[in-house]
Amino acid sequence: MRYYSNIAETGILWGNLRDRYGYGQLVALYTKLLCSKMEFHTKHPDIPPNLEATDEVLERTAGTDINNVFQLTVEVFDYMDVELRLAESVLRQLNTSIAISTLTAGQCKLAPLIQVIQDCSHLYHYSVKLLFKLHACLPADTLQGHRERFHDQFHSLKTFFNKARDMVYFKRLIQIPRLPDSPPNFLRASALAEHVKPMVVIPDDEEPEEQEEDEPEPLIDVSEAPPASMASQPQVDIFDQAFGPPNNGFDDRDLQIESLRQEIELLRAELEKIKAEAQRYITQLKSQINSLEAELEEQRVQKQRALVENEQLRMELEVTRNRNTEHESMQSTFVEAEKRAQATELRYNKLKEKHAELVANHAELLRKSADTVKMLSATQQTQEEVARTKQQLAFEVERVKQDSDMKVEEQKFEMDKLKRVVEEKIGEIQRIKDTLQTCEKANEQMNTSMTSLQVEKERLMRCVSEKEAELSALRQAAQVKESALVQERERSTKELGELQGKLKEKLSREELLQKKLLEEQFALLQGTVAEAEIIIQDAVAKLDDPLHIRCTSSPDYLVSRAEATLSSIDKVQAGHAHYLKNMGDAGVLLRALAQFSHLTADTIINGSATAHMAPTDHADRLTENCRGCAIQSLRFLQELKSKASLKEADPASIRVMVQKIQRIAQDLRPKGMDVGKDELGDIVDKEMAATSAAIEEAVRRIDEMMNQARRDTEGVKLEVNERILNSCTDLMKAIRLLVLASTDLQKEIVESGRGAATVKEFYARNSRWTEGLISAAKAVGWGATQMVDSADKVVLHTGKYEELIVCSHEIAASTAQLVAASKVKADRGSKKLSSLQQASRHVNEMAANVVASTKTGQEQIEDKDTMDFSGMSLIKLKKEEMESQVKVLELENMLENERLRLGELRKKHYEIAGVPLEQLSQDNGLRAPSPSAPSSPKPPKPALMKKPALGQKPNIPPKNLFR
């Protein structure tokens, strides 16, 4: 790349050199050619440096992607432009100077053109092959710009070959091929077979000495023959006569020539060194690129592996969290069990206390019973004591009831037992009361109560021991669970720490990768911005390029370029906002910048080209706005290259400059009445003549297709093709009769309505009607050409029958438009009007015949697949039926959408035509049809449209380098 820049800088230095012989400009152009050649072969290494590549190599280089084919074609065109620019500069200097091809100075300038001739012959062949391939895949309107550029290069190359062929210098060094009289017709696929690759032949070095020693042509044309004595003198005497004798037999020009030759040799040696160094540098760059790609792939693999490990760690962390949840649930279970154990122990303590109270009460009762026996004599006291005891017992019973009520919810079974105990105690109290009445019964009852109390005591002791055993078992289980939980918690804590460490490591690695990704994305952005700056700077350089002065463009095309640029600015703003939100994804901004740079440069170049044909004030403003657009674009790109100003970058100023360019272009657009009214009559005659010529050409092409079909096909296909072509021929003849009848009717209208005025004055006075005739004539001629193209595709089996049917409908509508435009001012009783109407009906019948023959041929050619339902079950049949219904619904939806699109296309067609429908209805007395009304062989009176519209260069976005 360093040597490439050195060559470019050398060319710039030579270009700045202002010498009297013009070598500086030629050397600058030659170095630019070398740079273009190196750049082209760097992009396409499969093509050898001498461009002698086979068609298979060219096909492999172009590939199957139509975008790559389109881009390769543009690069071949650019390569050819640089070659032709050098050739034109050399020939222009030779024509304007006294030097001729036999002098050393002239030969020095002509020597590089030998390689130019060889390269141009190959580039011409490449461009022809690529354009035929593009026309096989893309519509013809899309490639209009490519065809125009090829035609310009074809004529320039043919002129260059013709001039070089007449020079003596090239006659003994190279045989220059002859190009055909006219460029290939890319709209006809069969024209590829007629293309012959131009072959350049360089004669062998071993030739007769007579040819090598041809005498040079004299510099001065001597009108009179020299005397015999002078005829025998050597050629140097002629130079002596013209310029005088040399100084001491030695000419200073020989020294200059020798020094220049030495300089050329030194430059060649340096160039060879530069080439070798460039090749080594390219090899190193390729190895670096391979290593970087391998490193990038390894990083991608590591990133993928890290993502997988991260996902695994996430899953393990989720499992650990689940385990922790289980541990927490077990911990809560343990706490609940511990609470239950505490509650059981509490109940046990209460039972023990209750038992102690019962024992104390029992002892007290025994003591009271003894006292009662002792105090039998004191009945009154005993009764009082019994009453007090009864009250105390009642109070105790009440307290026991309250305690038992509080424990009902905790342990119902024990409360029931306590209730039974209380009831027994109540029975004992009752028995004690009875005993008080009878002492003997009291003693027996006391013994019985003591026995029952002993049994109850034993039962309570057994219950307490059982509860203690259960409590000890629960405590042991709780201790085991607690130890297990502690171990599990320690292990989980350890695993969690390890996982957190790994996670932190992965996060740090991801942060590094993210940082590296951000740096790579910003580096890509900087590279894209640098490329965009180069593209815009190259466009700005063309503003001051003297060779660009002869380039012109139309205001309509400039408006379309400006609109595309405004759309790209919106995409750049959206991509900029997306990049600021997500710095790791610069793809949207990169694609938008690539498209923006190309479209902005295209707008600047076409603005300058449009200014070449514009008035002075418009041209100055347009050129100034183009420079302003370039300055604002470069300023915006500089802001994008810096991180400090990245957020403040705003292309709003660029939008303002592009809008100014768009407004100037719209002002420069030709208006509908720009054509002089005095010229309308001539235009009518020219358009009618052009329509007749188009119809005659269509008939001739149909005859050629008929002969070709008879030679190449047979059987049913031949019969179908003959029927279709015969119907097309009948339709063309009917249209020809209609055009003749329309011409006669127009003459009758002019003669009857012009009065004392001339024909041109009549057309000027009825300018709207005249423009309708012109539009109708254009539509008929265009329809005839389209129909022949469709028929050609159908016969060659590269087109669709439906396209031919649509063309038939369109022709019927176009002829109806011509009839409507012709009879607007006709007299209702005119015989020529009836002839015109009869011719119109005949055209409709022939169009219907074309549709019928096309449909019949389609049915004969296309195979009708019969469905085989054998072996299909009921379920499969139902499934097939459902799939068929789904497909029917999809097709109906597609049909509805396509109809809506057709309506919008027709509406846009009327808008582009530039004639308001309401105004047509008022001026011509015609009913303006709905833009969405379908075409038919017998349409209503349509509005007059300018059809077809002027072809513009294709609006195709540049190749996306970041896809």
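Up top is the structure these notes are about.
The rules behind each value
Residues numbered from 1 in each chain as written. Predicted model: local features only at pLDDT ≥ 70, side-chain atom pairs only at ≥ 80, totals over all residues. Heavy atoms only, no water. Axes fitted to C-alpha atoms, helices over the stretch in contact; angles between N-to-C directions. Helix = DSSP H or I, 4+ residues; strand = E, 2+ residues; numbered from the N terminus. Parallel < 35°, antiparallel > 145°, perpendicular 65-115°, else oblique. Left-handed = near helix turned anticlockwise from the far one by under 90°. Nonpolar A, V, L, I, M, F, W, Y, C, P; charged D, E, K, R; others polar. Expected span 1.5 Å × (residues − 1). Buried < 20%, exposed > 50% of the residue type's maximum accessible area, 1.4 Å probe, protein only. Phe/Tyr/Trp six-rings, centres within 6.5 Å; stacked < 30°, edge-to-face > 60°. Salt bridge = Lys/Arg side-chain N within 4 Å of Asp/Glu carboxyl O. Disulfide = S-S within 2.5 Å.

Trainee: Please clarify how the packing of helix H16 (residues 555-581) against helix H17 (residues 587-611) should be interpreted in this entry.
Mentor: Two numbers describe a pair of packed helices, the interaxial angle and the distance between the axes. Running from N to C, H16 and H17 point in directions that differ by 155°, and their axes come no closer than 8 Å. Between H16 and H17, the angle falls in the class roughly antiparallel. Handedness of the crossing formed by H16 with H17: left-handed. Per-class residue counts for the contact of H16 with H17 are 14 nonpolar, 11 polar and 3 charged.

Trainee: Quick question: what am I supposed to make of helix H24 (residues 801-822) here?
Mentor: Along an α-helix, residues three or four positions apart point the same way, because every turn accommodates 3.6 residues. Given a rise of 1.5 Å per residue, 22 residues ought to cover 32 Å, and the 32 Å separating the end C-alpha atoms of H24 matches this to within 8%. In terms of residue burial, H24 counts as a mostly covered element, since 17 of its 22 residues are buried.

Trainee: Explain the packing of aromatic side chains to me, please; I cannot follow it from the model alone.
Mentor: Remark: the centre distance and the inter-plane angle together describe each pair of aromatic rings, the angle taken between the planes. Within the structure shown, the criterion is met by 9 aromatic pairs. Measuring from ring centre to ring centre gives 6.2 Å for Tyr124 and Phe154, while their planes differ by 35°; the resulting arrangement is tilted. Linking Tyr124 in helix H6 (residues 112-137) with Phe154 in helix H7 (residues 144-165), this pair joins segments that are 30 residues apart in sequence. You'll find Tyr124 and Phe154 in the same group, each marked buried. Where Phe596 meets Phe636, the ring centres are 6.4 Å apart and the plane angle is 80°; that geometry is what we call edge-to-face. Within this pair, whereas Phe596 is found in helix H17, its partner Phe636 is found in helix H18 (residues 616-641), the two being separated by 40 residues in sequence. Taking the relative accessible area as the measure of exposure, Phe636 reaches 2% and is therefore buried.

Trainee: Explanation requested: unusual backbone geometry in the structure shown.
Mentor: Trans is the prevailing form of peptide bonds, just as negative phi is the prevailing case for residues other than glycine. Even without being a glycine, Leu51 presents a positive backbone phi close to 65°. Relative accessible area serves as the criterion here: at 0%, Leu51 is assigned to the buried category.

Trainee: Please explain the pattern of salt bridges as it appears in this structure.
Mentor: Should their charged atoms come close, side chains of opposite charge can pair. If you walk through the whole model with that rule in mind, you get 25 salt bridges. Linking Arg655 and Asp570 is a salt bridge whose minimum nitrogen-to-oxygen distance equals 2.5 Å. In this pair, Arg655 is assigned in helix H19 (residues 652-668) and Asp570 in helix H16, connecting sequence segments 85 residues apart. Between Arg736 and Glu696 there is a salt bridge, with the nearest N and O atoms lying 2.9 Å from each other. Taken as a pair, Arg736 in helix H21 (residues 716-753) and Glu696 in helix H20 (residues 680-712) lie far apart in primary sequence, 40 residues in all. The exposure class of Glu696 is partly exposed, given its relative accessible area of 39%.

Trainee: Can you walk me through the state of the cysteines in this structure?
Mentor: Think of a disulfide as a covalent bridge from one cysteine sulfur atom to another cysteine sulfur atom. For the structure shown, the criterion picks out 0 disulfides. Just so you know, Cys629 is unpaired, no disulfide at all, and the nearest cysteine sulfur is the one on Cys626, 7.1 Å from it. Cys629 gets classed as buried once you look at its relative accessible area, which sits at 0%.

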